[in-house]
Amino acid sequence: MASDLLSIARSGVQAARIGLDITAQNIANASSTGYVRRSAAFSEVASTGGAYRIGDLSLSGVRLNSIVRNADAFRQAEVRRTNSDVARASAEVSGLQNIEAAIEQSGVYDAIVGFESSLQQLTQNPTDTSLRASVIEKARTMAGTFQIASQELDAAADGLRFLASDGVTQVNRIAQELARTNTRLARASDASSDKTALLDQRDQLLEELSGFANISTEFSADGQVAIKIGGSSGTDLVTGNTAATLSMTTSPTDGTISFTVGSTALTLAGGSLAGQQLALAKGAQLKTDLDTLAGDIVDAFNTAQTGGRDLDGAMGVAIFSGTSAATMALAVEDGRKIATAPASETTPGSRDATNLAAIRTALAGVDPSGTMDAILFDVSGTLAGRNVTLGALQTIADTAKVALSAQSGVDLDQEAVNLVRFQQAFQASGKVMQVSSDIFDTLLGIR
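For clarity, every value in this text was computed on a predicted model and none was experimentally measured. (Residues numbered from 1 in each chain as written. Predicted model: local features only at pLDDT ≥ 70, side-chain atom pairs only at ≥ 80, totals over all residues. Heavy atoms only, no water.)

S.K.: Looking at this structure, how should I read the overall build of the protein?
M.R.: For the protein, the count of helices and strands is nine helices and 13 strands. By the compact-globule yardstick of 22 Å for 447 residues, the protein is too spread out, its C-alpha radius of gyration being 38 Å. In terms of overall dimensions, the protein has a C-alpha envelope of 145 × 45 × 25 Å along the principal axes. Here the protein holds 447 residues, and the buried ones make up 43% of them. Considering only residue pairs separated by 6 or more positions, the protein has 70% of its internal contacts joining residues 24 or more positions apart. Total accessible area on the protein is roughly 21500 Å²; 53% of this is exposed by carbon and sulfur atoms. (Helix = DSSP H or I, 4+ residues; strand = E, 2+ residues; numbered from the N terminus. Rg over C-alpha atoms; globule rule 2.2 N^0.38 Å. Buried < 20%, exposed > 50% of the residue type's maximum accessible area, 1.4 Å probe, protein only. Contact = heavy atoms within 4.5 Å. Areas by Shrake-Rupley, 256 points an atom, 1.4 Å probe, with all protein chains shown as cover.)

S.K.: I keep staring at the sheet that holds strand β8 (residues 257–261) and nothing clicks. Help me out?
M.R.: Within a sheet, adjacent strands bond to each other through the backbone by hydrogen bonds, running parallel or antiparallel. On the basis of which strands lie adjacent, the open sheet formed by three strands has the order β7-β8-β9 and antiparallel pairing. The open sheet terminates on both sides in strands that have one partner only, identified here as β7 (246–250) and β9 (264–266). Neighbour-to-neighbour, the strand axes of the sheet open up by a mean angle of 40 degrees, direction not taken into account. Examined bridge by bridge, β7 and β8 share five bridges and lie antiparallel to one another. The residue of β8 that forms the bridge with M248 is F259. (Pairing = 2+ DSSP bridges. Axes fitted to C-alpha atoms, helices over the stretch in contact; angles between N-to-C directions.)

S.K.: Would you mind going over the sheet that holds strand β5 (residues 235–239) with me for this structure?
M.R.: The sheet built from four strands is open, its strands ordered β3-β4-β5-β6 with antiparallel pairing. Edge positions in the open sheet fall to β3 (215–219) and β6 (242–243), since each of these has one partner strand only.

S.K.: Explanation requested: the pattern of salt bridges in the structure shown.
M.R.: Pairing is possible between side chains that carry opposite charge, provided their charged atoms lie close to one another. Applying the stated criterion to the full structure yields 17 salt bridges. Between E177 and R180 there is a salt bridge, and its shortest N-O distance comes to 2.8 Å. Of this pair, E177 and R180 both sit in helix α4 (residues 129–187), three residues apart, roughly one helical turn. Of the charged contacts in the structure, one is a salt bridge between K282 and D378, with a shortest N-O distance of 2.8 Å. With K282 in helix α6 (residues 271–305) and D378 in helix α8 (residues 368–408), the pair connects residues that are 96 residues apart, well separated along the chain. Judged by relative accessible area, D378 falls into the partly exposed class, the value being 22%. Within the structure, one salt-bridge network assembled from shared partners comprises E78, R81, D85 and R88. (Salt bridge = Lys/Arg side-chain N within 4 Å of Asp/Glu carboxyl O.)

S.K.: Explain the environment of L5 to me, please; I cannot follow it from the model alone.
M.R.: Along the polypeptide, L5 turns up in helix α1 (residues 2–28). The spacing of L5 and M433 is 428 residues in sequence and 7.0 Å in space, taken between C-alpha atoms.

S.K.: Looking at this model, I keep getting lost on the packing of aromatic side chains. Mind explaining?
M.R.: The geometry of an aromatic ring pair is captured by the separation of the ring centres together with the interplanar angle, meaning the angle of the planes. Under the definition given, this model contains three aromatic pairs. Relative to F320, the ring of F115 has its centre 5.8 Å away and its plane inclined at 75 degrees; by these criteria the two rings are edge-to-face. Of this pair, F115 sits in helix α3 (residues 108–122) while F320 is found in strand β11 (residues 320–321), placing the two residues 205 residues apart along the sequence. For the residue pair F115 and F320, the accessibility class agrees, reading buried in each case. When the ring of F301 is compared with that of F320, the centres are 5.4 Å apart and the planes differ by 80 degrees; the resulting orientation is edge-to-face. Here F301, found in helix α6, pairs with F320, found in strand β11; they are 19 residues apart in sequence, far enough to count as distant. A single burial state applies to F301 and to F320, both of which are buried. In this structure an aromatic cluster arises from ring pairing among F115, F301 and F320. (Phe/Tyr/Trp six-rings, centres within 6.5 Å; stacked < 30°, edge-to-face > 60°.)

Shown next as structure tokens:
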């Protein structure tokens, strides 16, 4: 009996010590990113009875079955899903903000309005050289702002592509890490603290990966994870100890990006890569709109301009050159070259402004200021809508994280209770060992 008591007490001391170790680990890692609260799963040690045993059961103490991670697979999946949605929306909003700034800060709209205003002022006195010089300067300013807007849009697109390229690098790094983690999980023992640490690492990597792309996961009994990128109908990224490679391709025509895994085209619906892809597509559309407007202004003005005569009575020549925002430029420096008079008027210094009216009518058909205002409204309206979406998604993501933290995070108050409980269990088991020793000494003393 004393021997039984001693073995039971010894197992109790060991179990209490394990409980204290795990509690201390939880307390120490309460603020560690990705740490999941752990607890010990104990079970009774019992065997069938034998000689001098009462009944068919021998009580033999307690043993550790496993170290349990208090993780909830559903809540973790929700955190990954909502994190992916927020990352996509955040990356898109950030890209659109840069695109909006590129267009607005270039001052294209104000320059167009200034150019149109200078043409109207010229109608008051088409022979006034100062007014003609003003038109030329306003035209120069307008062409310059179109060029600046184009350059800034290119810079914003370059920034987005750089971030996307870095994101692809990070996805491939994380995929390799997860493949290695799968290998280590396959070798780890169920009851080891190493395995729980590997599972924490696995889940932290999965959450990090979800920030770059939407993923779907499938877990095996030993904790290994198989990952598809692009959702449940996407492409295999990690299978066992093998990781595929994500690649990015840039379109030579408009600078938009696309993704492939191996030779398989990939469609992303979440993560920062999807957001950057969406922002680049919007930026490419806006740049096309800007190029179209610049080309229309050049064509409309030059067509009407070459149909009249300038201040010296010569046929008008093209004032602008270029076919896009980037190439739009002033081709004439002399205000006298503005063809305000009709082609039928060959007398130099004519005050007949018929062709100036034709120039203004041609520009009115393009509606430069109205079209530019629509471009600005397009980007600002899109950005405003995406900001609303981002706010809603952020609220949902925060709620998912709170729910997960409540279930798997460390509650210091509860750990303090556990600390006292296991301490008392340790002391009680020590007392049982002392009683067992006393009984054994008594038995030895019997003559």
